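Per-entry structural report
Spelled out, the chains give:
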Amino acid sequence: MSGGVTETTFVGRHAETEQVTRLVRRARLVTLTGPGGVGKTRLAHRVAEMIGAETPGGFRIVDLSSLTDPHELPRVVAAALGPAPDDESLPPVPEALAARLDPRGSLLVLDTCEHLAEPVARLTVALLGAAPRLRVLVTSRRPLGPPGEHVYPVPPMRTEDAVALLRDRAAIAPAPASFPAPGLDPDPGSGQDQGTGPGSSQGTGSTPDPDPDPDGLAALCERLDRIPLAVELAAVRLRAASPAFSPALLARSLDDRYAVLTGGGGPVRHQSMRAAMGRSHELCGPVERLLWARLSVFPAGFDLEAAERVCAGGPLPTGAVLDALTGLADQSLVRREEHPAGARLRMLDTVREFGAEWLLRLGETGDLRGRHRDHYLRLAGRCAAEWPERQAEWAGRMRAERHNLRAALDLCLADPARSRAGAALAGSLWFLWICCGLPDEGRHCLDAALRMHAEPGPERFRVLWARSWVALRQGDPQTAGRLLDLLRAEDREGHATGHALQIEGLVALVRREFARAARLLGRAADGRATGDAEGPGGPGGRGGGMSPEPPACHALAALSLLAAGRVGEAAETLARDRRPRDDPGGEWSHAQTEYALAWIERIGNRGRTAARHARTALAGAWRLGDPLLTAACLELVAWTATTPPGAAGKAEAEAAGGRVAAGLLGAARAARDSQGARAAGWPVDAMIRRWAEAEAVRVLGGAGFDTRFTEGMAFDLAFAVDYALGEKNP
């Protein structure tokens, strides 16, 4: 047997084709699920060709998209199987249909079954029972549900496949390959001491990486959610538009994607994205449609708690939200994703924007946005109150919620009456901007809060403090100093004196005024600065007040003393830190403390103890998601892996330590590069980096160091951390 296949070329989907082909070979009933336009039919046809070529009876494809009467289902399937026997006048029963199949084996593809899921499931089970060598491949927006069904959710295309599809359908020539010149360093430079090692080629120059998306096709495909139908409809627009119409212009017009993505051929459901989504909308029940509309206020992922608190109300009580969510998930409109912070749900932008149109028609847009804002203000308040004791947990959760928090902040700052709440929110999330690798987003949010909330007070003071620290993390002490002056000018009653001292100390640290930095940070750490108001400092706290002690001051003061060569004073400073080191909270400050302890032990030639502290610091930085502290800790572990000159030890052990150090230094360099040219560590990081490089080069030689360093730059950061912690080997 054979069946018709699509006329256009099949592009990409190599991994998915291989996976589904293996699944069909192993299982007798496989259902491809996914939202409209994701490419279920094309993938099924492709797999049918692969399986049909090795199956005695070949394959048959039954298109059920236009069938509305379930009683006609057997006749439609029978027609696809070939002419009926002369004596068959009644509707064919499964046994009669099975008799038309090749007894040596066949593949039956039932395409577009979501509107007939139950009758298709019954017929499929009966056919599989009557024809032992039959295999069935189904496409449906939701699973059929019978026992033995293997469900394969079809994902959006990979970016490179989506770009290839867009080029093919729009007849866009491939971009020429571009490669950096050999021997040149890809690091754009940060303006800080990069600590190049002797004999190393990493400091010989730099060249910017070629633009990975020079014609904007990848960005356009991402805006289209990499949905094949959307990509093909965009190609129609690109072909029909004037030569001056670029993919970038089309991407900007996708704020109204349902008006833009039209003009396709084929079945009606594929002639526009609105038709594809409209079909899914028709298949949902009233409560599911209402929830779909209300979920559109989430700009990205969300959890069940948020869905219940924001979307429940009226005909959708809280207890019904989970069932409605399950229904939307069954229709492939909501996806479940595993996240370190817990299970999360999300809709593709294409699905979300269709819901947003319906929410506007229902007249609930303003109310739902307000509920969304208030939920995330409450969540930020809880986070600020619990942050000292549950840092790793809250860091992961709030990083996952950052798009929702940004939407809540934008809504607050758009309303002058809520600008204070917006400033409190932006300031309370300081740890996201400083500790969790989001300084660019923090700069944007904090600058917006400063523009919209000009009234001096605890909320604005916290924003000024956080914005100053972000500037320092990005290697901009001039901006930090200007904001510090503004903070002191506005804080006439001294509510933020300790925080101001901390920023002044950090500015001195960045400028390598180590003794002055230690003195200022020590004053901030020991509470000799008075006037800071008590309070958790969040939107739900007591007036958004400043905490009595800025974070990590003891550790940063100790690091400044170490950089100044005052090791004994650094140890005394750490001893004054009253927080127990085995406390599970305070992980970010503890990671900084462990960093300083590792330095002290390494200077004292206590290598094993130094390595233990360095790994503890690295584990804490990694748990919190601080990329710059993680990179610094990788360099610290590299330093502790080397053997000081003149120390006893075998040459093999020295060489092994040198190889570990060089690889970790390369991984750390790649991690810093990924944060962009503006990201900068503290000068103490550069000191550790230089010492680690010098030791590794001494052991390996310049060429050996360069080879291993280059290998390390190719490490995935997670792998590099596992390697440094002794859990993986390259």
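Shown above is the structure to which this text applies.
The sections below set out a description of the structure shown in this document.

**Observations regarding the overall build of the protein**
Along the backbone of the protein there are 33 helices and 7 strands. Within the span of the protein, comprising 730 residues, buried residues form 54% of the whole. A separation threshold of at least 6 residues defines the contact pool for the protein, and within that pool the share at least 24 residues apart is 72%. When the accessible area of the protein is evaluated, it comes to approximately 30400 Å², of which 53% is carbon and sulfur surface.

**Quick look at the environment of Asp 255**
Secondary-structure assignment places Asp 255 in the loop between α9 (247–252) and α10 (257–260). Through-space distance from the C-alpha of Asp 255 to that of Arg 223 is 9.5 Å; in sequence the pair is 32 residues apart. Not counting residues up to four positions away in its chain, the partners in contact with Asp 255 are Arg 223 and Glu 353.

**Here we look at the sheet that holds strand β4 (residues 134–139)**
In spatial order, the strands read β2-β3-β4-β1-β5; together these 5 strands make up an open sheet with parallel pairing. Both outer strands of the open sheet, β2 (59–63) and β5 (150–153), are each paired with one neighbouring strand and no more. Strand-to-strand twist of the sheet, defined as the mean angle between neighbouring strand axes without regard to direction, takes the value 20 degrees. In the packing of helix α2 (residues 40–52) onto the sheet, contacts are made with β1 (29–33), β2, β3 (106–111), β4 and β5, and the angle to β3 comes to roughly 175 degrees. Packed on one face of the sheet, helix α3 (residues 73–80) meets β2 and β3 and runs near 140 degrees to β2.

**Focus: the pattern of salt bridges**
Summed over the entire model, instances satisfying the criterion amount to 45 salt bridges. The closest approach of N and O atoms between Glu 114 and Arg 141, which form a salt bridge, is 3.4 Å. Within this pair, whereas Glu 114 is found in the loop between β3 and α5 (117–130), its partner Arg 141 is found in the loop between β4 and β5, the two being separated by 27 residues in sequence. Among the residues examined, Glu 114 registers a relative accessible area of 3% and is labelled buried. Residues participating in the shared-partner salt-bridge network are Asp 303, Glu 305, Arg 309, Arg 382 and Arg 397.

**Details of the side chain of Gln 331**
By the element assignment, Gln 331 lies in the loop between α14 (318–330) and β6 (335–337). In this view, Gln 331 contacts Arg 141, Arg 142, Leu 283 and Cys 284; residues no more than four positions away in its chain are not counted.

**A few points about helix α6 (residues 159–170)**
With 12 residues, α6 should reach 16 Å at 1.5 Å per residue; the first-to-last C-alpha distance of 16 Å fits that figure. Residue Ala 171 follows α6 closely and has a positive phi angle near 55 degrees.

**Points about the state of the cysteines**
Tallied over the entire structure, the rule returns 0 disulfides. No disulfide involves Cys 435; its sulfur sits 5.8 Å from the nearest other cysteine sulfur, which is in Cys 436.

Scoring rules and cut-offs
Residues numbered from 1 in each chain as written. Predicted model: local features only at pLDDT ≥ 70, side-chain atom pairs only at ≥ 80, totals over all residues. Heavy atoms only, no water. Helix = DSSP H or I, 4+ residues; strand = E, 2+ residues; numbered from the N terminus. Buried < 20%, exposed > 50% of the residue type's maximum accessible area, 1.4 Å probe, protein only. Contact = heavy atoms within 4.5 Å. Areas by Shrake-Rupley, 256 points an atom, 1.4 Å probe, with all protein chains shown as cover. Pairing = 2+ DSSP bridges. Axes fitted to C-alpha atoms, helices over the stretch in contact; angles between N-to-C directions. Salt bridge = Lys/Arg side-chain N within 4 Å of Asp/Glu carboxyl O. Expected span 1.5 Å × (residues − 1). Disulfide = S-S within 2.5 Å.

Geometry only, nothing functional implied.
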